[in-house]
Amino acid sequence: MSVSVNWSYPTSIRFGAGRITELADACKAAGMERPLLVTDRGLAPLPITGKALDILEEAGLGRAVFSEVDPNPNDKNLAAGIAAFRAGGHDGVVAFGGGSGLDLGKLIAFMAGQTRLVWDFEDIGDWWTRADATKIAPIVAVPTTAGTGSEVGRAGVLTNSETHVKKIIFHPKMLPAVTICDPELTVGMPKAITVGTGMDAFAHSLEAYSSSFYHPMSQGIALEGMRLVKENLPKVAADPGDLDARGHMMSAAAMGAVAFQKGLGAIHALSHPVGALYNTHHGMTNAVVMPPVLRFNRPAIEARIAKAAAYMGISGGFDGFYDFVLSLRSELGVPDKLSALGVERDRIDEMVEMALVDPTAGGNPVLMDRKNTRALYEETI
């Protein structure tokens, strides 16, 4: 990709192929001298991670990595990461990877200096003000997937290892000080991860766009985010080396995360319990439940989706948009049912209760209750 630019929205973003070479400079700009690179187990041994560690070491910033990160990070991962951060005398975190590595890296930087339990900082009201903001370590984020957009987010998702409930932990200073978006880092993703993360980016923009909350800036960002996914996700699935399309997908991922400040909805409310109980890939789970949720929300969003379809070059209004989603899923190999991901019907009651208290449920344009949420699960499994 030939585009190389610097953005200061919503944080400092260095965007362009090959810009991972600026990692040490980004750490110094964020005030770090001894960063801890946090990534997941799968990425830790790969060449792209080794290169990042080489860059840090050659700049005199040390070579420290923590990779005890599960696909759906939990409080045990967090405790181990905090222990590693403190033992190494680190003063900042390089959050490196997909959503799991990015989220846990941000949470380690946030929690390493706190004295309260992490659950005291759930994204409820002004709970974030309980934190000692002076003890939050700086963060540099380096996404290696194009999906969650956690690199431009002020929160992290953490699973309670005892209850299996996912919680959103929030603080404004969890927003990374510097983000490096280098599309070359996403080239080696397996197709299933490319598809799952890409559909996650689409789900973020779709749900933000559909949410009934008022946030016109996010509304505009969500609209273009959906268009970028429509134009580029099939390209990267077919040709992993298409750097232009990879770059556009990185933009779409960041845009989805910025947009969902407006709100999310039933796609995520249904998906979070499934991921917590079955450890499914979050983006792929979103993709599976997307069509039933669109049908469920149709009375509230039909006119709005028709406008989005027109902008995206899709004819036929809501029906045309819905058919596009079905066609995209089919082209990318997304399963029709959650049962293909190992989800079983005998836990529907449990998932219904978890979905209804999930913070994303409140953003859905149609009110979720036990009856209609159960019907959605029965339809998707």
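Rules behind the numbers
- Here, residues in each chain are numbered from 1, in the same order as that chain's written sequence.
- Thresholds applied to this predicted model are a pLDDT of at least 70 for local features of residues and 80 or more for the giving and counting of side-chain atom pairs; totals over whole chains, interfaces and linings are not thresholded and use all residues.
- With hydrogens and water set aside, each side-chain value is computed from the structure's full complement of heavy atoms.
- The helix count covers DSSP runs of H or I at least four residues long, the strand count covers runs of E at least two residues long, and both are numbered beginning at the N terminus.
- Computation of the radius of gyration draws on C-alpha atoms, with the globule rule given as 2.2 Å multiplied by the number of residues to the power 0.38.
- The buried label goes to any residue with under 20% of its type's maximum accessible area, the exposed label to any with over 50%, and the partly exposed label to all in between, with areas taken from a 1.4 Å probe on protein chains only.
- Every residue pair with non-hydrogen atoms within 4.5 Å of one another is taken to be in contact.
- Here the Shrake-Rupley method, with its probe set to 1.4 Å, supplies the accessible areas, and only the displayed protein chains count as covering residues.
- Two strands pair under a simple rule: DSSP has to find at least two bridges between them.
- Seen with the strands pointing away from the viewer, any crossover whose path from the first strand over the helix to the second strand runs clockwise is right-handed.
- Helix axes are fitted only over the stretch in contact, all axes being lines through C-alpha atoms; the angle between N-to-C directions runs from 0 to 180 degrees.
- Note on angle classes: values under 35 degrees are labelled roughly parallel, values over 145 roughly antiparallel, values of 65 to 115 roughly perpendicular, and the remainder oblique.
- Helix crossings are classified by the rotation of the near helix relative to the far one: an anticlockwise turn of less than a right angle makes the crossing left-handed, while a clockwise turn makes it right-handed.
- Salt bridges are defined as contacts in which a side-chain nitrogen from Lys or Arg sits within 4 Å of a carboxyl oxygen from Asp or Glu.
- Expected span of a helix: the number of residues minus one, times 1.5 Å.

Draft legend 1. Spatial organisation of the overall build of the chain. Broken down by element type, the chain carries 12 helices and nine strands. Over its C-alpha trace the chain gives a radius of gyration of 20 Å, about what one expects of a compact globule, namely 21 Å for 381 residues. The C-alpha extent of the chain, read off along each of the three principal axes, is 55 × 45 × 35 Å. Taken across its 381 residues, the chain has 57% of its residues classed as buried. Considering only residue pairs separated by 6 or more positions, the chain has 76% of its internal contacts joining residues 24 or more positions apart. On the chain, roughly 14,600 Å² of surface is accessible, and the fraction owed to carbon and sulfur atoms is 53%.

Draft legend 2. Representation of the pairing of strand β3 (residues 35-38) within the structure. Here β3 shows no split at all, with Pro 35 and Leu 37 on one side and Leu 36 and Val 38 on the other all buried. Both β3 and strand β4 (residues 65-66) contribute to a ladder of two bridges, which runs parallel. Of the residues in β4, the one forming a bridge with Val 38 is Phe 66. Traced from β3 through helix α2 (residues 47-58) to β4, the parallel crossover comes out right-handed.

Draft legend 3. Spotlight on the packing of helix α6 (residues 216-238) against helix α9 (residues 282-311). Two numbers describe how α6 lies on α9: the axes approach to 10 Å, and their chain directions differ by 50 degrees. Overall, the two elements α6 and α9 adopt an arrangement that is oblique. As α6 packs across α9, the resulting crossing turns out to be right-handed. Contacts between α6 and α9 pair Gln 219, Leu 223, Glu 224, Met 226 and Arg 227 from the former with Arg 304, Ala 308 and Tyr 311 from the latter.

Draft legend 4. Broad picture of the pattern of salt bridges. With the rule as written, the count across this model stands at 19 salt bridges. A salt bridge links Glu 22 to Arg 14; the shortest N-O distance between them is 3.1 Å. Put simply, Asp 120 and Arg 116 hold a salt bridge, and the shortest N to O gap is 3.2 Å. Residue Arg 116 is classed as partly exposed on the basis of its relative accessible area, which comes to 38%. Through salt bridges with shared partners, a single network forms among Arg 14, Arg 19, Glu 22 and Asp 25.

Draft legend 5. Broad picture of the sheet that holds strand β5 (residues 92-97). Overall, mixed pairing links the seven strands, which are arranged β1-β2-β9-β6-β5-β3-β4 in an open sheet. Lying at the two open borders of the sheet, with one neighbouring strand each, are β1 (4-7) and β4. Taken together, the two bridges between strand β6 (residues 139-143) and strand β9 (residues 178-181) define a ladder with parallel strand orientation. Among the inter-strand pairings, Val 140 is bridged to a residue of β9, identified as Val 178. Across the sheet, helix α4 (residues 99-111) is in contact with β3, β4, β5 and β6; its angle to β5 comes to roughly 170 degrees.

Draft legend 6. Spotlight on the environment of Gly 18. Position of Gly 18 among the secondary structure elements: in the loop between β2 (12-16) and α1 (23-29). A C-alpha to C-alpha distance of 6.0 Å links Gly 18 and Asp 182, two positions 164 residues apart in sequence. Apart from the residues lying within four places of it in its own chain, the contact partners of Gly 18 are Asp 182 and Glu 184.

Draft legend 7. Fine view of the environment of Glu 379. Among the structural elements, Glu 379 can be located in helix α12 (residues 370-380). A relative accessible area of 32% places Glu 379 in the partly exposed class. With 111 residues separating them along the chain, Glu 379 and His 268 place their C-alpha atoms 16 Å apart.

Draft legend 8. Main features of α4. For α4, which comprises 13 residues, the first-to-last C-alpha distance of 18 Å matches the rise-based estimate of 18 Å (1.5 Å per residue) to within 8%. The buried count for α4 comes to 13 of 13 residues, which makes it a mostly enclosed element.

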